[in-house]
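So the chains spell out like this:
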Amino acid sequence: MITPRNVVSHELTGLHVLVVDAYNPLHTKICGQIIDETRNLLVILTRGGVKRVQKVGTVFRFTLPDGARVDVMGKVLAVQPERRINIRLKK
């Protein structure tokens, strides 16, 4: 089960996400559903179309299936999705 403590080690595809802060000010406040993920990017389906947001330098707010929200710095996610399985978040 996905929780705020283990969100980093889970599959992010399908989660709702909001870009809280970013180096690129045009990326701030992008929100939608994650449809794909690479080592350096999250691909987000928004009302305006598909957006690609780089992970490093960005703070993401994920809404989990149970309604909980958790903020994650993108640099923590900036590894291949299959290699994130052993990463844990600290409070």
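All figures in this text were calculated on a predicted structure; none of them were measured in a lab.

Student: Got a minute to help me understand the sheet that holds strand β1 (residues 16–22) in this structure?
Tutor: Either a parallel or an antiparallel arrangement is found when strands of a sheet pair, and the pairing is made through backbone hydrogen bonds. Strand order in the open sheet formed by six strands is β4-β3-β2-β1-β5-β6, and the pairing between neighbours is antiparallel. Of all the strands in the sheet, the pair left with one neighbour each is β4 (49–54) and β6 (69–73). Ignoring which end each strand starts from, the neighbouring axes of this sheet average 40° apart.

Student: Whenever I open this one, the confidence of the model for the protein chain confuses me. Can you help?
Tutor: Detailed reading of the predicted model is not advised wherever pLDDT is low. Counting all residues, the mean pLDDT for the protein chain is 91, and 95% of those residues have values of 70 or more. Averaged pLDDT values for the elements of the protein chain fall to 92 in helix α1 (residues 74–77) and rise to 98 in β1.

Student: Sorry, what's going on with the nonpolar core here?
Tutor: Soluble globular proteins tend to bury their nonpolar side chains together. Among the nonpolar cores identified, the biggest contains 19 residues, and V7, L12, F60 and F62 are the most heavily contacted of them. Listed by contribution, the elements that provide at least two residues to this core are β1, β3 (41–46), β5 (58–63) and β6.

Student: I would appreciate a short explanation of the side chain of S9 in the present structure.
Tutor: When you line up the elements, S9 lands in the segment before β1. Side-chain polar atoms of S9 contact the backbone oxygen of N6, separated by 3.0 Å.

Student: I'm lost on unusual backbone geometry in this one. Help?
Tutor: Comment: phi is negative for the bulk of residues other than glycine, and the bulk of peptide bonds are trans. Phi is positive for K29, which is not a glycine, with a value near 75°. Inspection of the secondary structure assignment puts K29 in the loop between β1 and β2 (31–37).

Here is what the cut-offs are and how they apply
Residues numbered from 1 in each chain as written. Predicted model: local features only at pLDDT ≥ 70, side-chain atom pairs only at ≥ 80, totals over all residues. Heavy atoms only, no water. Pairing = 2+ DSSP bridges. Helix = DSSP H or I, 4+ residues; strand = E, 2+ residues; numbered from the N terminus. Axes fitted to C-alpha atoms, helices over the stretch in contact; angles between N-to-C directions. pLDDT = per-residue confidence, 0-100. Core = buried A, V, L, I, M, F, W, Y, C linked by side-chain atoms within 4.5 Å. Buried < 20%, exposed > 50% of the residue type's maximum accessible area, 1.4 Å probe, protein only. Polar contact = N/O pair within 3.5 Å; in protein donor to acceptor, adjacent residues only side chain to side chain.

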